[in-house]
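As a plain string of letters, each chain reads:
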Protein chains: 2
Amino acid sequence: METLIKPASGAMIESLQRTLGADAVLLAAQDQQRYLTDWRGQFQGKALAVLRPSSVDQVAGIMRACHGSGVQVVPQGGNSGLAGGATPSASGEQLVLSLERMNRVRLIDPIDDSMIVEAGCILQQVQEQAAEAGKYFPLSFGAEGSAQVGGFLSTNAGGTAVIRYGNARALTLGLEVVLPDGAIWHGLKRLRKDNTGYDLKQLFIGAEGTLGIITAAALRLYPRARQSCVALVAFGSPRQAQKGLARFKDELGEFLSAYELISQPALSLAQSHLHMAPALLPDAPWVALVQVATANSSLALGELVENVLASCFDDGIAADAVVATNERQAAAFWRIRESITAAERAAGKSVKHDVSVPIGAIPGFLDAVQQAVGEAHPELRIIAFGHMGDGNIHLNILLPADAGAQHLAAALNTLVHDIVTSFEGSISAEHGIGQYRVSELIRLKSPTEIALMQKIKQALDTTGQMNPGKVLPAPRD
Amino acid sequence: METLIKPASGAMIESLQRTLGADAVLLAAQDQQRYLTDWRGQFQGKALAVLRPSSVDQVAGIMRACHGSGVQVVPQGGNSGLAGGATPSASGEQLVLSLERMNRVRLIDPIDDSMIVEAGCILQQVQEQAAEAGKYFPLSFGAEGSAQVGGFLSTNAGGTAVIRYGNARALTLGLEVVLPDGAIWHGLKRLRKDNTGYDLKQLFIGAEGTLGIITAAALRLYPRARQSCVALVAFGSPRQAQKGLARFKDELGEFLSAYELISQPALSLAQSHLHMAPALLPDAPWVALVQVATANSSLALGELVENVLASCFDDGIAADAVVATNERQAAAFWRIRESITAAERAAGKSVKHDVSVPIGAIPGFLDAVQQAVGEAHPELRIIAFGHMGDGNIHLNILLPADAGAQHLAAALNTLVHDIVTSFEGSISAEHGIGQYRVSELIRLKSPTEIALMQKIKQALDTTGQMNPGKVLPAPRD
């Protein structure tokens, strides 16, 4: 790998100020601050400058100026990531390149069911523009009010509708990318089928800005739902919840757009955080939030759900259920699910895991963690919830507020990740690696896999200037 | 790029015979013959030997022996490809590596909806094994009785169910791959969500064996349909057929598993090839074969289809329709669609195009081709059909059986591909590049895209030994 280490010159900054305009080059500490830390305040860095280009040509110009200069570039979207992937290092020698000004919707095509959006568009804006065109963009997660296109693609974000529509990767038809040397790859095709050589967009999706800078994307749209039905279903165990999932997939698989598992501790925590009376299924050890939806207006969706629930009751799979009878109630059910994270934060420190296992392995995995943590630390509370239909569990452990918490957190991380690995699972289902999980990635991936990743990195980012230290260790580490 | 050109020694062959067994190393011309040509007989090559390993360790051993020796390797599956991707060159110095003996189903997990199959499993066998476990593997196309897993993944095959389930890529959860140096990448995870670094499987899917050898895959399964409904719908034009598609997507999008457009010339050709009376919609310029299916047994699927058809008639979108009233009739409708290729072959030579455009651009694209071909060659018949729901049209032109046909074919290729390109389409929607379309790929892709592909190739296949001359030009070309 070529490594050209040369301190950034004032001349480069001056030149960028001239070409981008002074307001696109932030140098003052107070202007830079919000770009130097992630939203949870867990990662903190410094920057030579924060750049805010407003066109793909400006991004290309920046990269041409940086290429071979030794100046490293950290691309940044809405800064809502959970693994520090968009936070610069502490060196103060990196440029943060925010895409926030590239926020145009370039095209919506309701016949083709596609749209082209720039990297700085906010997810909620994408959802709303799709809805205005009578269509539906399915990606949805807690931070959708601030997450940007470039960020959710670079982390291959998941969220609550993956069971039906897939991850961000599955929703992407094409990309426009500025490469490390400043060349622009115009890959914004809107095709469902294109087998003309290597599928280059796949390289940049989920690469967390380490291979190039996504500046725009062609995304898939779907028909808008005309009716939906949301239920909370009580189960005695994860295994029963899994049987319920199988029943819903088998009978209403086409409509199933969410199957969120919530443990009673997570449910109670959220309900009390929302000052809700714990009236909803208080005796259920596990609850699933089930949503079905369809664009068809004539089907009796509620009746179909009642049928599946009845068969679950008859066969002793589910103990109880509450079906939302109106939109307000459905929204309240979702609010419980979505406030678990905030409720957890209010309850104190916790060590978080975003893991996945094969769907059939979820009950065994949860048992194994419960047992291992229970033996080592019987006093700790486990808050488990997540996207059961995707095998993705958020397994968080509340920590005591004492001095040893940092050490304990690391030990719990190792413990949980080792169990995940024994179930052939993933230590980062949807949050990515960023800087937070690099050492665990190196510890748990095979050397063959790490070597393959490094070959890709070296082939596309020959000078190692793209977001170094994210996903893979920086060369000097 | 390192290039080590050293003629293969007899010693290497002897060593392979010892380690693989003599019956796994085919040297005689009559034994090799069926591996040296594709099923349509359009490509022909020679081989130093045809190797038939029966385990991933044997594949790894072969690659270790070849690595750095200068001997090139051509991986081969069921040999049903349409672009010569698995046919060796004429040099007689390449090894053909057939995966046909690696044909075990390693695992079927009906709870996780996944299975693990080796590269040599035949697609139909995969479908049948899934069905025996009460599940459904949706990939389906004409050559499913001979196509193998390694081949349909290496070409990212499409077929008739892409509109609902996506291409082969979308059906893949994980891969086991032998790399050019003989290292094995054990990437057979069965996860719906895994964001731990670059998604390496994406590199090998659709790479046509130029980056490594897929030896096994973890595939997604779906609930088995309990009912389906097939109809032929008559339209006055592709634009009307597109409105029909929009209507079906909007009302029955969840169930829509095929929407195949067939022009009247294609329909007539197939019907007369099958010795069928042309009783089915004889006056329709265009016909769509529509299929909806669901795992739900209680829905009145036929009634739902009738409703959509009625709304199409009311609004003047569709002129007529025939709904299959039993399985025999549904199969007959499909037989028409599936025999177009054979009917075409029986009618003489043709020049074939496997192209895609954005779905909304299909009518304009078909008009443009009709006009351009009509002006230049008013005597030629165009046979258009394909997967309208995916924007994928097979546009074939019947050629006169005279001496100038070869030259004419090349001219028509250029003409059609230029029109495709002007519509931001793809010159190979689902068949791949192989050796057949390399020159067109180089002519029509941007230099930036070609350079990116070459960087990937050089990074993973440093000695250029993997299937050279496929997808990208061989270094000496």
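Just above sits the structure.
Notes on the structure follow. (Residues numbered from 1 in each chain as written. Chains lettered and ligands numbered in written order. Predicted model: local features only at pLDDT ≥ 70, side-chain atom pairs only at ≥ 80, totals over all residues. Heavy atoms only, no water.)

**Overview of helix H14 (residues 405–422) of chain B**
Helical periodicity: at 3.6 residues per turn, an α-helix aligns residues three or four positions apart in one direction.
Residues and elements named next belong to chain B.
Now for step 1: With 18 residues, H14 ought to run about 26 Å at 1.5 Å a step, and its terminal C-alpha atoms sit 26 Å apart, in line with that.
Now for step 2: Those residues of H14 hidden inside the fold are in contact with strand E16 (350–351), strand E17 (354–356), helix H13 (362–376), strand E19 (392–398) and helix H15 (438–444).
Now for step 3: Once H14 ends, the next one or two residues include Glu424, with phi positive near 55 degrees. (Helix = DSSP H or I, 4+ residues; strand = E, 2+ residues; numbered from the N terminus. Expected span 1.5 Å × (residues − 1). Contact = heavy atoms within 4.5 Å.)

**Some words on the sheet that holds strand E6 (residues 114–118) of chain B**
All names here are of chain B.
Now for step 1: Spatially, the five strands line up as an open sheet ordered E5-E6-E10-E8-E9, and their pairing is antiparallel. Among the strands making up the open sheet, the edge pair consists of strand E5 (105–109) and strand E9 (184–187). On average, adjacent strands in this sheet sit at an angle of 15 degrees to one another, irrespective of strand direction.
Now for step 2: Lying over the sheet, helix H3 (residues 56–66) contacts strand E8 (172–178), E9 and strand E10 (213–220), oriented at roughly 50 degrees with respect to E8. (Pairing = 2+ DSSP bridges. Axes fitted to C-alpha atoms, helices over the stretch in contact; angles between N-to-C directions.)

**Some words on the sheet that holds strand E2 (residues 49–51) of chain B**
Sheet strands pair via backbone hydrogen bonds, and the direction of the pair is either parallel or antiparallel.
All names here are of chain B.
Now for step 1: One open sheet holds the four strands; their spatial order is E1-E2-E4-E3, and the pairing between them is mixed. Either end of the sheet is taken by a strand with one partner, and the two such strands are strand E1 (25–26) and strand E3 (73–76).
Now for step 2: As paired strands, E2 and strand E4 (residues 95–98) are joined by three bridges and run parallel to one another. Bridge assignment links Ala49 to a residue of E4, and that residue is Leu95.
Now for step 3: Here H3 sits on the sheet in contact with E2, E3 and E4, set at roughly 165 degrees to E4.

**Some thoughts on the interface of chain B and chain A**
Now for step 1: Contacts between the two partners involve 80 residues from chain B and, on the opposite side, 80 residues from chain A.
Now for step 2: For the chain B face of the interface with chain A, the top three residues by lost area are Lys193, Asn195 and Tyr198 of chain B, together amounting to 15%.
Now for step 3: Between chain B and chain A we count 14 salt bridges in total.
Now for step 4: Across the salt bridge formed by Glu251 of chain B and Arg226 of chain A, the nearest N and O atoms sit 3.7 Å from each other.
Now for step 5: If you look at where chain B meets chain A, you find 48 residue pairs in polar contact (both at pLDDT 80 or more).
Now for step 6: Listing elements by their share of the side of chain B that touches chain A, those giving two or more residues are helix H6 (162–165), E9, helix H7 (201–204), helix H8 (238–252), strand E14 (286–294) and helix H16 (447–460) of chain B.
Now for step 7: Sort the elements by how many residues they give to the side of chain B that touches chain A and H16 of chain B lands first, with nine residues.
Now for step 8: Each residue belonging to the side of chain B that touches chain A can be placed in one class, and the counts come to 33 nonpolar, 25 polar and 22 charged. (Buried area = accessible area lost by both parts, 1.4 Å probe. Salt bridge = Lys/Arg side-chain N within 4 Å of Asp/Glu carboxyl O. Polar contact = N/O pair within 3.5 Å; in protein donor to acceptor, adjacent residues only side chain to side chain. Nonpolar A, V, L, I, M, F, W, Y, C, P; charged D, E, K, R; others polar.)

**A look at the pattern of salt bridges**
Residue and element names in this part refer to chain A.
Now for step 1: Counting across every chain of the model gives 52 salt bridges over all chains.
Now for step 2: In this structure, the salt-bridge partner of Arg104 is Glu118, at a minimum N-O distance of 3.1 Å. Pair noted here: Arg104 is in the loop between strand E4 (95–98) and strand E5 (105–109) and Glu118 is in strand E6 (residues 114–118), with a separation of 14 residues, a long-range link.
Now for step 3: The residue Asp461 makes a salt bridge to Lys457 at a minimum N-O spacing of 2.8 Å.
Now for step 4: A relative accessible area of 11% means that Lys457 is categorised as buried.
Now for step 5: Each of the salt bridges in this network shares a partner with another, and the network as a whole consists of Arg104, Arg106, Glu118 and Glu176. (Buried < 20%, exposed > 50% of the residue type's maximum accessible area, 1.4 Å probe, protein only.)

**Observations concerning the relation of the copies chain B and chain A**
Now for step 1: The operation relating chain B to chain A is a screw motion whose rotation component is 180 degrees, with 0.0 Å of axial translation and a residual RMSD of 0.0 Å. The relationship between the two copies is best expressed as a two-fold rotation axis.
Now for step 2: Of the interface residues in chain B, 100% have counterparts in chain A that sit at the interface too, so the contact is made through matching surfaces. (Least-squares fit on C-alpha atoms with pLDDT ≥ 70 in both.)

**A word on empty space enclosed by the protein**
Now for step 1: Taken as a whole and judged by the stated rule, the model has four cavities of 30 Å³ or more.
Now for step 2: One number sums up the size of the largest cavity: a volume of about 80 Å³.
Now for step 3: Lining of the largest cavity is provided by Tyr198, Asp199, Gln202 and Leu203 of chain A together with Tyr198, Asp199, Leu200, Gln202, Leu203 and Ile456 of chain B.
Now for step 4: Listing elements by their share of the lining of the largest cavity, those giving two or more residues are helix H7 (201–204) of chain A together with H7 of chain B.
Now for step 5: Tallied by class, the residues present in the lining of the largest cavity amount to six nonpolar, two polar and two charged.
Now for step 6: Computed from the structure, the second largest cavity encloses a volume of approximately 50 Å³.
Now for step 7: Lining of the second largest cavity is provided by Arg40, Leu82, Lys352, His431, Tyr436 and Arg437 of chain B. (1 Å grid on protein atoms, 1.4 Å probe; cavity = no way out; pocket = protein on both sides within 12 Å on 5 of 7 lines; lining within 4 Å. Points joined across faces, edges and corners; volume = space filled by probe spheres on them.)

**Comments concerning the pairing of E5 of chain B**
All names here are of chain B.
Now for step 1: As paired elements, E5 and E6 share four bridges and run antiparallel to each other. If you follow Ile108 over to E6, its bridge partner there is Met115.
Now for step 2: Between the end of E5 and the start of E6, which pair antiparallel, lie four residues, with Asp113 showing a positive phi angle near 55 degrees.

**As for the packing of helix H8 (residues 238–252) of chain A against helix H13 (residues 362–376) of chain A**
Residues and elements named next belong to chain A.
Now for step 1: Remark: H8 packs on H13, axes separated minimally by 8 Å, with the N-to-C direction vectors making an angle of 160 degrees. In terms of orientation, H8 lies roughly antiparallel with respect to H13. As H8 packs across H13, the resulting crossing turns out to be right-handed. Between H8, through Pro238, Arg239 and Gln242, and H13, the contact on the second element is made entirely by Ile362, Pro363, Gly364, Leu366 and Asp367. (Parallel < 35°, antiparallel > 145°, perpendicular 65-115°, else oblique. Left-handed = near helix turned anticlockwise from the far one by under 90°.)

**Things to note about the pairing of strand E19 (residues 392–398) of chain A**
All names here are of chain A.
Now for step 1: For E19, a buried count of seven out of seven residues is recorded, marking the element as mostly surrounded by other parts of the structure.
Now for step 2: Alternating positions in E19 separate into two faces, Asn392, His394, Asn396 and Leu398 on one and Ile393, Leu395 and Ile397 on the other, with burial throughout.
Now for step 3: Note: strand E16 (residues 350–351) against E19, two bridges, orientation antiparallel. Bridging from a neighbouring strand, Val351 pairs with Ile397 of E19.
Now for step 4: As paired strands, strand E17 (residues 354–356) and E19 are joined by three bridges and run antiparallel to one another. Following the sheet pairing, Ser356 is matched in E19 by Asn392.
Now for step 5: In this antiparallel pair of consecutive strands, strand E18 (residues 381–387) and E19, the connection spans four residues, and Gly391 shows a positive phi of 70 degrees.

**Observations concerning helix H10 (residues 301–314) of chain A**
All names here are of chain A.
Now for step 1: With 14 residues, H10 extends 20 Å from end C-alpha to end C-alpha; this agrees with the ideal 20 Å at 1.5 Å per step.
Now for step 2: Along H10, the residues classified as buried are Leu301, Leu304, Val305, Val308, Leu309 and Cys312. Down the axis, H10 shows its buried residues gathered within 135 degrees of arc, on one side only. Of the exposed residues in H10, those oriented more than 90 degrees away from the buried face are Glu303 and Asp314.
Now for step 3: As for H10, its buried residues are in contact with strand E12 (227–235), H8, strand E14 (286–294) and strand E15 (320–323). (Arc of directions from axis to C-beta.)

**Points about the environment of Gln329 of chain A**
Residues and elements named next belong to chain A.
Now for step 1: In this fold, Gln329 is placed in helix H11 (residues 327–338).
Now for step 2: Given the relative accessible area of 25%, Gln329 is considered partly exposed.
Now for step 3: Gln329 sits 264 residues away from Ala65 along the chain, and the two C-alpha atoms are 54 Å apart.

**Things to note about the packing of aromatic side chains**
Centre distance and the angle of the planes are the two values used to describe a pair of aromatic rings.
Now for step 1: By the definition in use, this model includes 15 aromatic pairs over all chains.
Now for step 2: Each ring, one from Tyr165 of chain A and one from Tyr222 of chain A, has its centre 4.8 Å from the other, and the planes form 65 degrees; the classification is edge-to-face. Taken together, the residues span a long stretch of sequence, with Tyr165 of chain A in helix H6 (residues 162–165) and Tyr222 of chain A in strand E11 (residues 222–223) at a distance of 57 residues.
Now for step 3: With a centroid separation of 5.7 Å and 70 degrees between ring planes, the pair formed by Tyr136 of chain B and Tyr165 of chain B is classed as edge-to-face. With a gap of 29 residues between them, Tyr136 of chain B in strand E7 (residues 135–136) and Tyr165 of chain B in helix H6 connect regions that are remote in the sequence.
Now for step 4: Classification of Tyr136 of chain B as partly exposed rests on a relative accessible area of 31%.
Now for step 5: Pairwise contacts between aromatic rings join Tyr136, Tyr165 and Tyr222 of chain A into one cluster. (Phe/Tyr/Trp six-rings, centres within 6.5 Å; stacked < 30°, edge-to-face > 60°.)

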